[in-house]
Amino acid sequence: MSMDLEREKAVLPGADLTKTKTNNISSILFGGTVVSMLIALYFIFIYAAEEQTMGAAQKIFYFHVSSAWLAFMAFFVTFVFSILFLIKRKRILDTYAYVSAEIGIVFTIIVLTTGPIWAKSSWNTWWVWEPRLITTLILFFIYIAYIMIRQMDGVWDKKARLAAVFGIIGFADVPIVFFAIRWWQTKFHPIVFGSGPSQQGGGIEGTMLTALFVSLAAFTILYCYLLQKGVTFENMKIKVERYKEKLRADMEK
């Protein structure tokens, strides 16, 4: 027992250094998130011009599009880290894929919530069964299934491998969601940045475009913060599980 304690003490200095580094990164990302969000709110509500038809309700556009961007990015990270996990079989890669999928689901819910609010203002209806909405809903259920796989009983590596395959295949729906309004004609979702062979969309006013880019940057920083905190939390859970297993093994001796 004393030798085990000595080993744990020997690891503590390095562990403290890693913990300090993690806390510093977390503090920087948190500060960056707060500042960037405040700047984004200024650009959205003060700097950006107000849309003439929808008025103030159009401001939902910035949160809706930014949430969709974050969800797509989160699922792309899940896609990449799932591939890396299947190649290298390192648990940290699986952890990044899992946490990113959780974040993606949360912001897909925000997309599916802000969308109907915006739709009611612009289309005078809460929901329409049109291609982009349907494919977004399918994307949501795909990654809900991904999380359900992770919650099944069984050895973690088998669940991780199955979830990784699901995360890779499920990402195929992301480009379908994005190109849905270009592949299938719809009278509801407008094409802002391009349509048809010439890819000439309706366009967006200069101050609105600036506000959108600022919002996308702020949400990207938010994603990095949430990912870092989520991975840290999952690593703590893994350590607790290992300590429990070790304690259980020691008690059975």
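All of the points below concern the structure found in this document. Counting restarts for each chain, with residues numbered from 1 along the sequence as it is written. Two thresholds apply to this predicted model, a pLDDT of at least 70 for residue-level local features and 80 or more for giving and counting side-chain atom pairs, whereas whole-chain, interface and lining totals are computed over all residues. Calculation of side-chain values draws on the structure's entire complement of heavy atoms; hydrogens and water are dropped beforehand.

### Comments concerning the packing of aromatic side chains
Pairing of aromatic side chains requires ring centres within 6.5 Å, counting the rings of Phe and Tyr and the six-membered ring of Trp. Pairs whose planes differ by under 30 degrees are stacked, by over 60 edge-to-face, and all others tilted. Across all of its chains, the model carries 15 aromatic pairs by this definition. Ring centres of Phe61 and Tyr62 lie 5.2 Å apart, and the angle between their planes is 75 degrees; this geometry places the pair in the edge-to-face category. Each member of the pair Phe61 and Tyr62 is classed as buried. Seen from their ring centres, Phe107 and Phe219 are 6.2 Å apart, and the 75 degrees between their planes marks the pair as edge-to-face. Highlighted residues: Phe107 in helix α3 (residues 91–122) and Phe219 in helix α7 (residues 206–252), separated in sequence by 112 residues. Grouping residues by exposure puts Phe107 and Phe219 together as buried. Counting every residue linked through ring pairs, the aromatic cluster contains Tyr42, Phe43 and Tyr47. Lysine NZ or arginine CZ positioned within 6 Å of the ring centre and within 35 degrees of the ring normal marks a charge as sitting over the ring. Positioned above the aromatic ring of Trp156 is the side chain of Arg91, whose terminal nitrogen or guanidinium carbon lies 4.2 Å from the ring centre. Throughout this description, buried means an accessible area under 20% of the type-specific maximum (1.4 Å probe, protein chains only), exposed means over 50%, and partly exposed covers the range between. To qualify as a helix, a DSSP run of H or I must reach at least 4 residues; to qualify as a strand, a run of E must reach at least 2; elements of each kind are numbered from the N terminus.

### Overview of the nonpolar core
With 31 residues, the main nonpolar core has Tyr143, Tyr146 and Tyr223 as its most contacted residues. Of all the secondary-structure elements, those providing two or more residues to this core are α2 (60–88), α3, α4 (131–150), α6 (173–183) and α7. If one sorts the elements of this core by residue count, α3 sits on top with eight residues. Contacts are residue-level and defined by heavy atoms, with any inter-residue pair within 4.5 Å sufficient. Discounting chain neighbours no more than four positions away, the residues touching Tyr223 are Leu70, Met73, Ala74, Val77, Ser100 and Ile103. Here, nonpolar core refers to any group of buried Ala, Val, Leu, Ile, Met, Phe, Trp, Tyr and Cys residues whose side-chain atoms link them within 4.5 Å. Among the nonpolar cores identified, the runner-up in size contains eleven residues, and Ile44, Trp118, Ala211 and Leu212 belong to it.

### Points about a nonpolar patch on the surface
On the surface, Phe30, Val34, Leu38, Leu41, Tyr42, Phe45, Ile46 and Tyr47 cluster together into a nonpolar patch covering about 800 Å² of accessible area. One can find Ile46 in helix α1 (residues 2–47). What makes Ile46 exposed here is its relative accessible area of 60%. Like-charged residues are merged into a patch within 9 Å and nonpolar side chains (Val, Leu, Ile, Met, Phe, Trp, Tyr) within 5 Å, provided each residue has over 30% relative accessible area and no salt bridge. Residue burial considers only the protein chains on display, and all accessible areas are found by Shrake-Rupley using a 1.4 Å probe. Salt bridges are defined as contacts in which a side-chain nitrogen from Lys or Arg sits within 4 Å of a carboxyl oxygen from Asp or Glu.

No statement about biological role is implied by the geometric values presented.
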